[in-house]
Amino acid sequence: MQGSKTEASLLRSVAIVGVGITELKSSTPQVSYKELIFEAAQKAYEDAGLNPRKDIESFVCSSEDFLEGTSIFDEYVPDQLGAVLKPVCTISADGMYSLAAAYMQILTGLFDVVAVEAHSKASDIVNLSTVYDMALDPVYTRPLGLNASFVAGLEMSKFLHSRGAGTNHCRMVVAKNRKNALSNSLAMYGGIVEAKGESQNPVLSYPLTEYDVAPVADGAAVVVLASEDAAEHLRDDPVWVKGLGWASDSPTLETRDWLDATYVRLASKQAYQSAKLRNPAKDIQIAEIDDTYSYKELQHLEALGLIGDAKAHTLLEQGAFERDGVLPVNPSGGSIGMGHTLEMSGLVRVVELVLQLRGEADRHQIKGVETGIAQCWRGIPTTSGAVVILSNR
Amino acid sequence: MTTEPIRVEGDFPVYFRYTVGVAGEKFFREIMENGRLMASRCSSCNLNYLPPRIYCERCMSRLEEYVPVENEGTVEAFTITHQDAEGNPLQEPVGVALVRFPGAYGGLVHRTIDVLAIGDRVRAVFKDKKERTGSILDIKFFEKIS
Ligand SMILES: [Zn+2]
C-alpha cells in the first residue's frame with residue numbers, strides 16, 4: 001500500500017537549482033550567525049540565478065533553540081535570508097528534514113521555488129556537552145549525571161562486538177575522511193592521520209575516544225529547490241530529487257534497537273521506493289552519509305542496504321569506500337573531515353552531493369557520477385534520520 | 001583598546017520540575033516501598049515494558065496491567081565513561097550498562113561498580129528504604145553476580 005501511495009503522489013519532479021555554503025571553520029569570531037547565513041544565501045541565489053525578494057516564494061529553516069542560545073529562535077531567520085514578508089517556517093531537526101518539507105511544498109503545487117537553510121555557530125556555545133546532557137531523558141537517565149557520550153560508547157561497544165570489528169576499523173574511517181578532506185577547500189579538519197596502532201587520544205566513553213568524534217565547526221548552507229518547469233527554465237544542469245525518506249526508531253534508550261540503525265533502514269527504503277530504484281546498490285554511485293562518530297559511518301552504511309549482507313568494516317579494509325573504490329563514501333571528508341555542523345550536517349551532505357553531480361566538486365570530484373545518496377542522523381540521544389537520493393539525469 | 005572581536009556573554013537559566021506520570025508513579029513507588037522493578041504489560045503484543053508506560057508503542061493500546069520484573073538481568077551493552085555531564089574529566093571513570101531483564105521488553109540504563117562484558121549477569125542494588133526518594137537514583141548501581 002505504501003508503495004502505490006508513494007508513486008501516485010509524485011505529481012511532478014523537483015530539482016535543486018542552487019546551492020550556497022560558507023567555508024566550515026572551527027570558529028568564526030568576526031561574523032555573527034546571521035552574517036554566515038547571509039553569505040550562504042547570497043551564494044545560493046547567485047548560483048540559481050534568482051532574486052530572492054522576487055523569485056523565491058517560501059523558506060524552510062532548521063534550528064534547535066538550545067544550540068542557538070535563543071528561545072523561539074524561528075523568529076530570527078527572515079531578514080538575512082530574504083524572507084521578510086514571505087512564508088517562512090523552522091523545523092527543529094537536521095536540515096535534510098527541512099529539505100523534505102520544501103520538497104513537499106513544491107510537490108503539492110503550493111509553490112514553485114523554495115529555499116532551505118541550516119547553519120551552525122557551534123563556537124558560540126561555551127558548554128555544548130550540557131546541551132546533549134539536557135537531551136537525555138530527565139526522569140530515567142539525566143539524574144545519573146553521566147556525560148551524554150555514554151550513549152555512543154554503549155552503542156559502539158555493542159556494534160563492534162556483534163560485527164567482530166575493532167577500534168582499528170574506526171580509526172580507518174577517521175583516516176579516510178580526514179585524508180579526503182584535504183582536497184576539499186570547504187573542509188576544516190583535513191589531515192593525514194595514522195590508521196594503525198592504538199589511539200593515544202583521550203577516552204570519552206570506552207571504546208569511544210575523542211579521535212572518533214567529528215569535531216564541531218561553524219558555517220551556513222542554503223539550497224534552492226524548484227519545480228520541474230521552473231528548474232528547466234533556470235539552468236540546464238538541475239540536480240533532481242529522486243526520492244527521500246525519514247524515520248525514527250523507538251526513542252527511549254531502553255527499547256530502541258542498539259545494533260542496527262533502523263531509522264536509516266526505514267528511511268532509505270522509503271527513499272528507494274519513491275525514487276523507484278529497483279537495485280539501489282547498482283544505481284547509487286556515491287554516498288555522503290553521517291559520520292558524527294567513526295563507527296556510525298559503518299553502521300549507517302550497512303543500514304542503507306547498499307552493500308548487501310557484507311559487513312561494512314570488511315569492505316572498508318578492502319578500500320571499497322575510498323574515492324577510487326566501488327562506492328566512494330564521504331569523498332568530501334564527511335563531518336569528521338569537514339567539521340560537524342550540528343543541524344546543518346545533513347544539508348552539507350546534500351550540498352556536497354549536488355556539487356559532485358554537477359561535476360563541480362573540484363579536487364575531490366568523482367568522475368562520471370550520475371546518482372548518489374545523502375543521509376543524516378540527528379545525533380545522540382536520537383534514533384532519527386533522513387535519506388535523500390539525487391541524480392543529474 | 002583591544003582589537004579582539006566583541007562577544008556578549010549570556011546564558012539560558014531555566015529550571016524544571018518534571019512530572020513522571022501515571023506509569024512513572026507506579027515504577028518509582030514500587031521501588032520506594034518494595035525494592036522491586038515493575039513493568040507495564042501489553043497482552044495483545046505480549047510485551048512487558050520496562051520502564052513502564054501507559055501506552056504500547058506497537059499497537060497504541062492503553063496499558064493498565066503491571067507485572068513485577070526480577071532485579072537480576074543481563075548486560076546488553078557496556079561502556080566506561082571518563083567525563084561528567086558538563087564534559088569535565090572524571091577522577092574515577094564510571095561504568096555504565098544497558099541491562100535486559102527476563103520477560104521484560106526494554107531494560108534499564110545505570111551505573112555499574114564492576115567492569116563488565118556483554119552477556120554478564122548483574123543485579124540492581126537499591127538504596128536503603130529510608131533513603132529512597134522516588135528517583136532512578138533509588139537504584140544505586142548494578143553489581144555483577146559471580
Ligand atoms: Zn501492544
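Residues numbered from 1 in each chain as written. Chains lettered and ligands numbered in written order. Predicted model: local features only at pLDDT ≥ 70, side-chain atom pairs only at ≥ 80, totals over all residues. Heavy atoms only, no water.

### Here's the deal with the packing of aromatic side chains
Alright, step 1. What the rule picks out here adds up to 12 aromatic pairs over all chains.
Alright, step 2. Seen in terms of ring centroids, Tyr140 of chain A and Phe27 of chain B are 5.6 Å apart; in terms of plane orientation they differ by 55°. Their pairing is tilted. Of this pair, Tyr140 of chain A sits in the loop between α7 (128–133) and α8 (149–163) while Phe27 of chain B sits in helix α1 (residues 21–34), which puts the two residues in different chains. For the pair Tyr140 of chain A and Phe27 of chain B, a shared accessibility class is recorded, and that class is buried.
Alright, step 3. Ring centres 5.4 Å apart and planes at 80° place the aromatic pair Tyr49 of chain B and Tyr105 of chain B in the edge-to-face group. Within this pair, whereas Tyr49 of chain B is found in strand β2 (residues 47–50), its partner Tyr105 of chain B is found in strand β6 (residues 105–106), the two being separated by 56 residues in sequence. Note on accessibility: Tyr49 of chain B and Tyr105 of chain B belong to one class, buried.
Alright, step 4. Members of the aromatic cluster, each reached through a chain of ring pairs, are Phe159, Tyr293, Tyr295 and Trp377 of chain A. (Phe/Tyr/Trp six-rings, centres within 6.5 Å; stacked < 30°, edge-to-face > 60°. Helix = DSSP H or I, 4+ residues; strand = E, 2+ residues; numbered from the N terminus. Buried < 20%, exposed > 50% of the residue type's maximum accessible area, 1.4 Å probe, protein only.)

### Observations regarding the interface of chain A and chain B
Alright, step 1. With 41 residues of chain A at the contact, the number on the chain B side is 42 residues.
Alright, step 2. Taking both partners together, chain A and chain B bury about 3,400 Å²; carbon and sulfur atoms supply 62% of that area.
Alright, step 3. Among the residues chain A hides against chain B, the three largest losses belong to Tyr140, Leu144 and Glu254 of chain A. Together they make up 21% of the total.
Alright, step 4. Taken together, chain A and chain B are joined by two salt bridges.
Alright, step 5. Glu76 of chain B serves as the salt-bridge partner of Lys158 of chain A, at 3.3 Å between the closest nitrogen and oxygen. (Contact = heavy atoms within 4.5 Å. Buried area = accessible area lost by both parts, 1.4 Å probe. Salt bridge = Lys/Arg side-chain N within 4 Å of Asp/Glu carboxyl O.)

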